[in-house]
Amino acid sequence: MSSVFGKPRSGSGPQSTPLEVNLAILGRRGAGKSALTVKFLTKRFISEYDPNLEDTYSSEETVDHQPVHLRVMDTADLDTPRNCERYLNWAHAFLVVYSVDSRQSFDSSSSYLELLALHAKETQRSVPALLLGNKLDMAQYRQVTKAEGVALAGRFGCLFFEVSACLDFEHVQHVFHEAVREARRELEKSPLTRPLFISEERALPHQAPLTARHGLASCTFNTLSTVSLKEMPTVAQAKLVTVKSSRAQSKRKAPTLTLLKGFKIF
Ligand SMILES: Nc1nc2c(ncn2[C@@H]2O[C@H](COP(=O)(O)OP(=O)(O)OP(=O)(O)O)[C@@H](O)[C@H]2O)c(=O)[nH]1
């Protein structure tokens, strides 16, 4: 007998299939979604990204001594949620990110949490969310207090952390692993629930328009019972790319430089 995620389970040896967890990172432009994703995947802080790039990365993790195949979708929604179904019906957990030095990003994170709550109500499918106040290193320019973050998270029943993509890796890793734990708890409750892909978009009589009141006017979603469903297509394999670059070599004195597709490393 071996232990799977803290629970004794028979018949699962070292070759047991890793748990698959899809994690979507949501938040206003500039909140630090890409920086946190890159920090988690590479232990490095990279200061510039293509803001319009949205991609999904995969990483083999060990959480509580158990293997997890983690996919991370670093979303790029611009200023308000758009075409949300691509992540609403895919993710097992969400990281909703704001920046502690931006009131606007905090307000957006509230809209995202409302969106998730509405979706959970519509679909009767509870997906955990964690609220992250990023850029803790910029605390001297705070526009959002920690108490406000705690209160917002409390309103939506989610975990709350303040982090920084440019400070210690362990803290960022801890937050991502907490998201895996939350997802795992939900999956254990309803193991048959799998992320679904909505193959067809059409107007439905009871389609839930997310109103401008919530700042979500551009985002609608369909209830799962009324559209034809397919399994989510396989996400592209790991996007970690190893490149040889003479400039990188001379700058970093390393034979190779590992970087994430789409991210710029200077
Ligand atoms: N000081 C500080 N800067 C950060 C931190 N995280 C991100 N940044 C900076 O904030 C800016 C925006 O970060 P991104 O990671 O691109 O933010 P994003 O949420 O992915 O934004 P989009 O790509 O536009 O959707 C960049 O200049 C980052 O270098 C942090 O923890 N501390």
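What you see is a predicted model; the values in this text were computed from it and never measured.

### What to know about the pattern of salt bridges
Stage number 1. Evaluation of the coordinates by the stated rule reveals 9 salt bridges.
Stage number 2. Across the salt bridge formed by Arg-184 and Asp-64, the nearest N and O atoms sit 2.8 Å from each other. Placement of Arg-184 in helix α5 (residues 169-189) and of Asp-64 in the loop between β4 (55-63) and β5 (66-74) is noted, with a sequence separation of 120 residues between them.
Stage number 3. For the salt bridge of Glu-148 with Arg-103, the shortest nitrogen-to-oxygen distance reads 3.0 Å. Within this pair, whereas Glu-148 is found in helix α4 (residues 146-156), its partner Arg-103 is found in helix α3 (residues 103-123), the two being separated by 45 residues in sequence.
Stage number 4. Judged by relative accessible area, Glu-148 falls into the partly exposed class, the value being 26%.
Stage number 5. Within this structure, Asp-64, Glu-178, Arg-181 and Arg-184 form a network of salt bridges that share partners.

### Quick look at the confidence of the model for the protein
Stage number 1. Averaged over every residue, the pLDDT of the protein is 74; the share at 70 or more is 62%.
Stage number 2. Scored below 50 in pLDDT, residues 220-259 makes 95 contacts in the model with residues more than four places away or belonging to other chains.
Stage number 3. Two summary scores accompany this predicted model of the complex, namely pTM at 0.75 and ipTM at 0.98.

### Comments concerning the packing of α3 against α4
Stage number 1. Viewed as axis vectors pointing N to C, α3 and α4 meet at an angle of 10°, and their least axial separation amounts to 10 Å. When the axis of α3 is compared with that of α4, the two are roughly parallel. Judged by residue contacts, Arg-103, Phe-106, Ser-109, Ser-110, Leu-113, Glu-114 and Ala-117 of α3 engage Glu-148, Gly-149, Leu-152, Arg-155 and Phe-156 from α4.
Stage number 2. Grouping the amino acids of the contact of α3 with α4 by side-chain chemistry returns 5 nonpolar, 3 polar and 4 charged.

Scoring rules and cut-offs
- In every chain, residue numbers begin from 1 and rise along the written sequence.
- Given that the model is predicted, a residue must reach a pLDDT of at least 70 before its local features are reported, and side-chain atom pairs must reach 80 or more before they are shown or counted; all residues, however, enter totals for whole chains, interfaces and linings.
- To obtain the side-chain values, all non-hydrogen atoms of the structure were used and water was disregarded.
- Any Lys or Arg side-chain nitrogen located within 4 Å of an Asp or Glu carboxyl oxygen qualifies as a salt bridge.
- Helix numbers and strand numbers start at the N terminus; a helix is a DSSP run of H or I with at least 4 residues, a strand a run of E with at least 2.
- Whether a residue is buried, partly exposed or exposed follows from its accessible area with a 1.4 Å probe, protein chains only, as a fraction of its type maximum: under 20%, in between, or over 50%, in that order.
- Per-residue confidence from the prediction method is given by pLDDT, with values spanning 0 to 100.
- Any two residues having at least one pair of non-hydrogen atoms within 4.5 Å are treated as being in contact.
- Note on definitions: angles span 0 to 180 degrees between N-to-C directions of axes, and those axes are lines fitted to C-alpha atoms, for helices only across the stretch in contact.
- Working definition: roughly parallel below 35 degrees, roughly antiparallel above 145 degrees, roughly perpendicular at 65 to 115 degrees, and oblique for all remaining angles.
- Gly is put with the polar residues, along with every residue not named as nonpolar or charged; the nonpolar set is Ala, Val, Leu, Ile, Met, Phe, Trp, Tyr, Cys and Pro, and the charged set is Asp, Glu, Lys and Arg.

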